[in-house]
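A structural walkthrough
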Amino acid sequence: MNMAQSFAPARALAQHCAELTACGPRPEDRSEFLAAWRRDVGRSLSEGLGSLLAGGRLSVSISEPEWCTGEQIFERIGGVAANSLLRCGETERTILLSFDCATAVALTDRSFGGDGAMPDDVPEQLPRSASLLIDQVATIVAQSITEVSSGEEGTSVQGDVIVRSESAARLKPFDPATSCASLEIQLQAESGQSWKALIAMPSDRLDSMLPGLGSSTKSGAKPGQVIGPGEGPFGAIPLPIKAVLAEFELSLGKLDRLAPGDHIPLAVAREVPLRTGSKLVAHGSVGTLEDRMAIRLTRISQGAANT
């Protein structure tokens, strides 16, 4: 009997895309990551805001997220509030922080040594002192979330306030129809006085904030997709960058006679090159930033991103 036969498939084999076959985190895993993130952000805020809001130890807790639409969040905040759009490390990682005006005034009173009680009469427009305080609080919130979300204590990546407005919708933190996560920040003083704030972001952005979970939920490259140098496994590779302030020549005789205390005049160009190895990456002008020498980039070399 001849067993050598060829068989043809009855139908085309199924091919599933990476989005369908990729295994995301289990609900219980997400809950653990989220609980740890809420706890760590609360601890960080307790330390950061404790010195700003004078009057003893400050306890900070973050609530479980509430899932709603962007429109519902805007309605909850109302037409006038102390709203800030925060950048938490990465450019696209932005969240909305909102204090109602009464809370902003109460926290300002607290920072000046008062008891921080809610005012009976809320001004239609925030006093300058309250606006300045909320900016400071918002910066601390952005920095705390950035540090916790990066998973590295003392990270060099900083959080900051992008813009502030009395209208949350005007900041455009998310589309009104977008599914969002809303979390409540509760500040509790030893005296029993408490204050609340709201943070909100698109639902998928919350996962990217959770150390460990954020990286596991990012899908890999699709078939045929080219991974850029700033993505995938390459983006975290450290590259030494050197800024060449000046280049000069010395004769062999002068080089041989150099001694401690000699002065060599330098002519620093208006633009200095930045190189990695022999590859020119960019040009920049020399200046200072927070009492340290710094370079402000003026030109990026063509093809530098493909280094």
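Keep in mind that what you see is a predicted model, and the values were worked out from it rather than measured.

Conventions adopted
Residues numbered from 1 in each chain as written. Predicted model: local features only at pLDDT ≥ 70, side-chain atom pairs only at ≥ 80, totals over all residues. Heavy atoms only, no water. Helix = DSSP H or I, 4+ residues; strand = E, 2+ residues; numbered from the N terminus. Buried < 20%, exposed > 50% of the residue type's maximum accessible area, 1.4 Å probe, protein only. Areas by Shrake-Rupley, 256 points an atom, 1.4 Å probe, with all protein chains shown as cover. Core = buried A, V, L, I, M, F, W, Y, C linked by side-chain atoms within 4.5 Å. Contact = heavy atoms within 4.5 Å. Salt bridge = Lys/Arg side-chain N within 4 Å of Asp/Glu carboxyl O. Phe/Tyr/Trp six-rings, centres within 6.5 Å; stacked < 30°, edge-to-face > 60°. Pairing = 2+ DSSP bridges. Polar contact = N/O pair within 3.5 Å; in protein donor to acceptor, adjacent residues only side chain to side chain.

1. Some remarks on the overall build of the protein chain
In terms of helices and strands, the protein chain carries nine helices and eleven strands. Here the protein chain, with 307 residues, has 33% of them falling under the buried criterion. Within the structure as shown, the protein chain displays about 19700 Å² of accessible surface, and the carbon and sulfur contribution to it stands at 52%.

2. What about the nonpolar core?
Formed by 43 residues in total, the largest nonpolar core has its most connected members in Trp37, Leu45, Leu97, Ile145, Ile185 and Leu187. Here the element with the most residues in this core is helix α5 (residues 128–150); it accounts for ten residues. Those residues in contact with Trp37 that lie beyond four places of it in its chain are Ile145, Val148, Ser149, Leu183, Ile199, Leu206, Met209, Leu210 and Pro211. Counting residues in hydrophobic clusters, the runner-up holds 13 residues, among them Cys68, Phe74, Leu96 and Leu198.

3. Here's the deal with the pattern of salt bridges
According to the stated counting rule, one finds eight salt bridges in the structure shown. Between Arg38 and Glu64 there is a salt bridge, with its nearest N and O atoms 3.3 Å apart. Taken together, the positions of Arg38 in helix α2 (residues 27–50) and Glu64 in the loop between β1 (58–62) and β2 (66–69) put the pair 26 residues apart, joining distant regions of the chain. Overall, the relative accessible area of 17% leaves Arg38 in the buried class. Classification of Glu64 by relative accessible area gives exposed; the value is 52%. A salt bridge links Arg87 to Asp160; the nearest nitrogen and oxygen atoms lie 3.0 Å apart.

4. A few points about the packing of aromatic side chains
As enumerated under the stated definition, the model contains one aromatic pair in all. Where Phe74 meets Phe174, the ring centres are 5.3 Å apart and the plane angle is 20°; that geometry is what we call stacked. Here Phe74 is found in helix α3 (residues 70–77), whereas its partner Phe174 is found in the loop between α6 (168–171) and β6 (179–189), with 100 residues between them in sequence. A single burial state applies to Phe74 and to Phe174, both of which are buried.

5. Description of the pairing of β1
Here β1 shows a buried face lined by Leu58, Val60 and Ile62 and an unburied face lined by Ser59 and Ser61. Relative to β6, β1 runs antiparallel, the two being bridged by five bridges. Residue pairing for β6: Ile62 is matched across the bridge by Ile185.

6. So, the pairing of strand β4 (residues 94–99)
Counting buried positions over the six residues of β4 gives six, a clear majority of the element. Residues of β4 alternate between two faces, with Thr94, Leu96 and Ser98 on one and Ile95, Leu97 and Phe99 on the opposite face, all of them buried. Note that strand β3 (residues 82–88) and β4 share six bridges and pair antiparallel. When the bridges of β4 are listed, Ala82 appears paired with Phe99. Across three bridges, β4 lies against strand β7 (residues 194–202) in antiparallel orientation. If you follow Leu96 over to β7, its bridge partner there is Ala200.

7. Observations regarding helix α4 (residues 101–111)
The buried fraction of α4 amounts to eight of the eleven residues, a majority that puts the element mostly inside the structure. Looking at α4, one finds that the buried residues are Cys101, Ala102, Thr103, Ala104, Ala106, Leu107, Thr108 and Arg110. The inward-facing, buried residues of α4 abut β3, β4, α5, β6 and β7. For α4, the N-terminal cap is Asp100; the gap from its side-chain oxygen to the backbone nitrogen of Ala102 is 3.2 Å. Taken from the residues just after α4, Gly113 is the one with a positive phi, measuring 100°.

8. Some points on the environment of Met201
Looking at where Met201 falls in the secondary structure, it is placed in strand β7. Residues Met201 and Ser179, spaced 22 residues apart in sequence, show a C-alpha to C-alpha distance of 8.8 Å. Every residue in contact with Met201, bar those within four places of it in the chain, is listed here: Thr94, Ile95, Phe174, Cys180, Ala181, Leu183, Leu206 and Met209.

9. Digging into the sheet that holds strand β11 (residues 292–300)
Across the sheet, four strands lie side by side as β8-β9-β10-β11; this open sheet has antiparallel pairing. Of all strands in the sheet, those bounded by a partner on one side alone are β8 (242–243) and β11. Taken together, the eight bridges between strand β10 (residues 279–289) and β11 define a ladder with antiparallel strand orientation. By the bridge assignment for β11, His283 is matched with Arg299.

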